[in-house]
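So you can see what is in the structure, the chains are spelled out below.
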Amino acid sequence: MAEEFVLSIFRGDAEGGEEVEYHVPRIEGMVVLDAVHHVQAHDAQDLAVRWNCKAAHCGSCSAEINGMPKLMCKTRLDEYQGETVHIQPMRTFPIIKDLVTDVSWNYEVAKKIPAFNPGVAAPFHMQQWDVDRIQEFHHCIECFLCQDVCHVLRDHHEQDEYYGPRFMVKMAEFEMHPMDRADRIPQIKNEGGIGLCNVTKCCTTVCPQHIHITDNAIIPLKERVADRYYDPIRNFFRKLGGKDENAKQETPT
Amino acid sequence: MNIETMETHSFDVLVLGSGGAGLRAAVEAASEGGVSVAVIGKSLLGKAHTVMAEGGAAASIGNLDAPDSWQTHFYDTMKSGHYINNYRTVEVFAKEAPSRVLELEQWGAVFDRTPEGLIMQRAFGGHSFRRLAHIGDRTGMELLRTLQYKAISMDIKVFQEVTVTRLLMDGSRIAGAMGYYRSDGHFVLFKAKAIVLATGGWGKLYKVTSNSWESTGDGAAMAYRIGADLKDMEMVQFHPTGMVWPPGVAGLLVTEGVRGEGGLLYNSEKERFMVRYDPERQELSTRDVVARSIFKEVQAGRGTPHGGAWLDISHKKADFIKQKLPGMYEQFLTLGDIDITKQPFEVAPTCHYQMGGVQAQAETCATTIPGLFAAGEVACGLHGANRLGGNSLADILVFGRRAGIAARDYAGALKSDVTIDESVVEAEVARVLEPFNRPDGENPYAIHEELQAVMSAHAAIVRSEDDLKVGLGKVLALQERGRRMGTSGSRVYNPGWHAVFDVENMLMLSELIIRGALERKESRGGHWRSDFPDELPEMGKWNFVHQYSADGDRVQRVPVPEMPPVLAEICARPVAPGRESAAGTSQVPPRKG
Ligand SMILES: Cc1cc2nc3c(=O)[nH]c(=O)nc-3n(C[C@H](O)[C@H](O)[C@H](O)COP(=O)(O)OP(=O)(O)OC[C@H]3O[C@@H](n4cnc5c(N)ncnc54)[C@H](O)[C@@H]3O)c2cc1C
Ligand code: SF4
Ligand code: SF4
Ligand code: FES
């Protein structure tokens, strides 16, 4: 086995920049983030990188490693034996410096999500099978890798039209909570822009938390939007009853 | 730098720290309106250290074990703290924890459920009943995310990636704080009537640690410099089970939930050694005991290949493990090539938590500085000599809220605005820019690494007078070198520059830990002295308090507050309240040898 790894790390800022090569001694079980820290401590003190937990819990260390959006703390270097490892910042967000990007847009979108709105006071009575589905969404670490890869944001720059997969997951989390009483469907359709997602599933592929973003969050939400806006029979009943009893399908046990 | 042109903000309540304690404080301070509130973190929102917590939040809700009560939680917490806790802090805590956990459910947290559809609770070391409300093994993330979304739905100003370097005074009371934006290095001045300090711990002092980069003790060091009392600094918790192998991941936490769900510890001779050290509680003994036991086994030559113990949960069904401990399963598989549903794995102690910190009052979290309140890991009083697992997440909720209320009330009652001395601000700007004048100065990363080595060798799990004294000498020498730390490059997102201040704070706190450890000539909880191996009743009457002075640290012993008879009676019982009928049998799930 090679005694060192070769890293090629993007160095630069909004003005531009280029990859710089670094050599890092090999330690068993090393992840990309360890190597970046080694470079920081020994070769480039001012190398900018975000991290917190080094345990895939905080979602800070997102980057593009040999072109794939990944967490640096979860990517083992032995996967790249004999290769140069190219590390680039996430491309969808404006760069600040080196591997650090300006992800503030995501926090602006987060503010638009109406708070959880339960109709009753805790303690709630909910069975495990009532919550299994939404607990999957609670695994999200807000790494924004799905936002990075989604072509609606990355290539078409429709940040003003679409909240992106992360926030569809957040919407689904509240929308499918058995106790939530807010009506989120109009927002998901209109300001949220769910219609812009054409189900390419790239987001699901890169999600380090293995959330089935498309199958379990986006598609069911699209169905709810379709039921509400495009289902003639349901529309008829809604007009009659004044209220859509099926809009919230899960009733707590 | 002209203070006139500096970015300046004024708030009634300024919360330093956007971890669980800080966010809970901000939510409370803003809950009644009419008070301007801001919260600052040195990371992005939702990334704070709290996000890493795994096992759960302890509260005597009693969903599984009905006899649980605040009295039992009080009993367990005092016992685990070896009775140098502030009893009143513990009482407030034990009584309020259940409401705080239920409140999270109200705000959107989705805990695992019991068969009755209530919040599930798991067994944890040192807790007499199944008590930890949890969400798989990512409870901290659920707590933080819930508070994060709650906070952004309210009128709270959030500052992300701003590092505070100094607290500012108006005479003898608090008046604000100064810091810089990490993104471009520009300075920012905050005027505030009240400040809640919620900056977390300082686990980064040690080489093998479960803590995030943020845990550099900034808040404690800043408060100490302006005269706040720090207490019990010698009390550092080493969690018994950190990952050992591969070296790239050494220190990463293996949640106590593994043992809570039935995991067993073995030495290299396949012996369940915990049965010897604590026959009653075995694997679910308190952390100080389990960590020491593993250490002793390794010393006795019964360690695993990489110097730890085996932890094994593979006797449980694979589906059960994957559902209850999904994070652990994945962590070992991706980082260690180990399938924990099939094989045992190596664990060894890792630095985890600081019981000591800024002395805070039980009801209000008030420190010794008017207008400064402290909550969460940075504060001291609740945990005594050893923290129980799950008590920290409950701590940050209970006292985050209380600090929020007290800060709001204090700020509301202040008639006059605060004034800030401009010369102090100017001097701070000059100090923070100083490292750029020394491009060839000492490398902060190198100093940090040396400090970690010193603390790990001289002031870690086992200590002695000689060792501590040598360690102190080395820390003081490093402090001297630390004055010459330098940096190069620009002020734009420059971690080398940022590290200078983190390391300064750690150098200061390391000294206090060692000085405290020298004073406590006994073994108690997390503090184990090989030259004083016994717990001494005389020593149990004292806490050690540190005060800053121009000619160095002043350590004083102050009496541990004495419990009123009703509480003393609870602690004096031979078995925990509620366990009387069960004495001898076990309420926690039966464990097989
Ligand atoms: C791996 C792991 C697992 C754990 N599991 C559990 C568990 O299961 N149960 C339990 O009860 N406890 C657990 N703990 C302990 C618990 O998570 C922490 O003690 C607790 O989260 C501390 O919260 P806090 O709000 O006090 O501080 P933190 O979460 O540490 O937050 C500190 C905040 O202060 C900010 N800050 C610090 N310095 C500055 C500065 N100079 N300027 C500006 N901002 C600053 C930081 O950016 C951060 O936002 C665990 C800890 C770890 C490491
Ligand atoms: S599936 Fe939809 S959200 Fe996901 S990447 Fe494709 S377009 Fe974007
Ligand atoms: S959904 Fe997955 S990829 Fe997207 S932010 Fe959350 S964890 Fe990251
Ligand atoms: S450092 Fe937290 S996810 Fe990588």
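Just so we're clear, the structure is a prediction, and the values are computed from it rather than from any experiment. (Residues numbered from 1 in each chain as written. Chains lettered and ligands numbered in written order. Predicted model: local features only at pLDDT ≥ 70, side-chain atom pairs only at ≥ 80, totals over all residues.)

1. Quick word on the overall build of chain A
From N to C terminus, chain A includes 10 helices and 7 strands. Expressed as lengths along the three principal axes of its C-alpha atoms, the size of chain A is roughly 70 × 40 × 30 Å. Scored against the burial criterion, the 253 residues of chain A give a buried share of 47%. Taking all contacts inside chain A whose residues are at least 6 apart in sequence as the whole, residues at least 24 apart take part in 64%. (Helix = DSSP H or I, 4+ residues; strand = E, 2+ residues; numbered from the N terminus. Buried ≥ 20, exposed ≤ 12 C-beta atoms within 10 Å, placed from the backbone. Contact = placed C-beta atoms within 7 Å.)

2. Concerning the domain arrangement of chain B
A common measure of how large an interface is: the accessible area buried when the components associate. All names here are of chain B. For chain B, the assigned domains read domain 1 (242-349) and domain 2 (434-537). Each side of the interface is counted separately: domain 1 has 5 residues, and domain 2 has 5 residues. Sorting elements by how many residues they give to the side of domain 1 that touches domain 2 places helix 8 (residues 287-299) first, with 4 residues. When grouped by side-chain class, the residues that make up the side of domain 1 that touches domain 2 number 3 nonpolar, no polar and 2 charged. (Domains from an automatic or database assignment. Nonpolar A, V, L, I, M, F, W, Y, C, P; charged D, E, K, R; others polar.)

3. Description of the site of ligand 3
Residue and element names in this part refer to chain A. Taken together, 17 residues are adjacent to ligand 3, and Cys-140, Cys-143, Cys-146, Cys-207 and Gln-209 come closest. Contributing elements (two or more residues each) for the shell around ligand 3: helix 4 (145-149) and helix 6 (165-175). Ranked by the residues each element gives to the shell around ligand 3, the list is headed by helix 6, at 3 residues. When its residues are assigned to classes, the shell around ligand 3 shows 13 nonpolar, 2 polar and 2 charged. (Near = placed C-beta within 6 Å.)

4. What about the sheet that holds strand 13 (residues 309-312) of chain B?
All names here are of chain B. Reading across the sheet, the 4 strands line up as 11-14-13-12 and stay open at both edges, with antiparallel pairing between neighbours. Strands at the two margins of the open sheet, each flanked by one partner only, are strand 11 (236-243) and strand 12 (264-266). In this sheet, neighbouring strand axes are inclined to one another by 45 degrees on average, regardless of whether the strands run parallel or antiparallel. In the packing of helix 8 onto the sheet, contacts are made with strand 11, strand 13 and strand 14 (345-354), and the angle to strand 11 comes to roughly 60 degrees. (Pairing = 2+ DSSP bridges. Axes fitted to C-alpha atoms, helices over the stretch in contact; angles between N-to-C directions.)

5. Focus: the sheet that holds strand 15 (residues 357-359) of chain B
All names here are of chain B. Ordered by their spatial adjacency, 5 strands build an open sheet running 17-15-10-18-19, and the pairing between neighbours is mixed. The open sheet has two edge strands with one neighbour each: strand 17 (379-380) and strand 19 (554-559). Bridge analysis of strand 10 (residues 230-231) against strand 15 gives 2 bridges, and the strand direction is antiparallel. For Lys-231, the partnering residue across the bridge sits in strand 15 and is Gly-357. Against the sheet, helix 5 (residues 218-225) contacts strand 10, strand 15 and strand 18 (542-547), and its axis sits at roughly 45 degrees relative to strand 15.

6. Focus on unusual backbone geometry
Omega for the bond connecting Ala-122 of chain A with Pro-123 of chain A falls within 30 degrees of zero, at 0 degrees, which places this linkage in the cis form. Summarising the element assignment, Pro-123 of chain A is placed in the loop between helix 2 (104-111) and helix 3 (128-137). In the segment running from Trp-245 of chain B into Pro-246 of chain B, the intervening peptide bond is cis, with an omega of -5 degrees. Following the sequence through the fold, Pro-246 of chain B ends up in the loop between strand 11 and helix 6 (257-260). A positive phi angle, close to 50 degrees, is found at Glu-161 of chain B, a residue other than glycine.

7. Topic: the site of ligand 2
All names here are of chain A. Close contacts around ligand 2 come from 14 residues, with Cys-150, Pro-165, Cys-197, Thr-200 and Cys-203 the closest. The set of elements that each furnish at least two residues to the shell around ligand 2 consists of helix 5 (151-154), helix 8 (202-206) and helix 9 (213-230). Residue composition of the shell around ligand 2, by class: 9 nonpolar, 4 polar and 1 charged.

8. Focus: the packing of helix 6 of chain A against helix 9 of chain A
All names here are of chain A. Following both chains from N to C, one finds helix 6 and helix 9 inclined at 70 degrees, their axes separated by 9 Å at the closest point. It follows from the interaxial angle that helix 6 and helix 9 lie roughly perpendicular. In this structure, helix 6 crosses over helix 9, and the sense of that crossing is left-handed. Between helix 6 and helix 9, the residues in contact are Pro-165, Met-168, Val-169, Met-171, Ala-172 and Glu-175 and Ile-213, Ala-217, Ile-218, Pro-220 and Leu-221, respectively. Of the residues assigned to the contact of helix 6 with helix 9, the class counts are 10 nonpolar, no polar and 1 charged. (Parallel < 35°, antiparallel > 145°, perpendicular 65-115°, else oblique. Left-handed = near helix turned anticlockwise from the far one by under 90°.)

9. Considerations on helix 4 (residues 139-152) of chain B
Over its 14 residues, helix 4 of chain B extends 20 Å from the first C-alpha to the last, a length consistent with the 20 Å expected when each residue adds 1.5 Å. Burial within helix 4 of chain B is extensive, with 13 of its 14 residues counted as buried. (Expected span 1.5 Å × (residues − 1).)

10. Some points on the interface of chain B and chain A
The interface is formed by 49 residues belonging to chain B together with 47 residues belonging to chain A. At the level of secondary structure, the elements contributing two or more residues to the side of chain B that touches chain A comprise helix 3 (87-106), helix 4, helix 10 (326-336) and helix 15 (495-519) of chain B. With 5 residues, the top contributor of residues to the side of chain B that touches chain A is helix 4 of chain B. Looking at side-chain class alone, the side of chain B that touches chain A contains 23 nonpolar, 18 polar and 8 charged residues.

11. Side note on the domain arrangement of chain A
All names here are of chain A. Here chain A is partitioned into domain 1 (4-101) and domain 2 (104-241). Taking only C-alpha atoms into account, the centre of domain 1 sits 31 Å from that of domain 2. Listed by partner, the interface residues are 11 residues for domain 1 and 12 residues for domain 2. The residue inventory of the side of domain 1 that touches domain 2, partitioned by class, reads 5 nonpolar, 4 polar and 2 charged.

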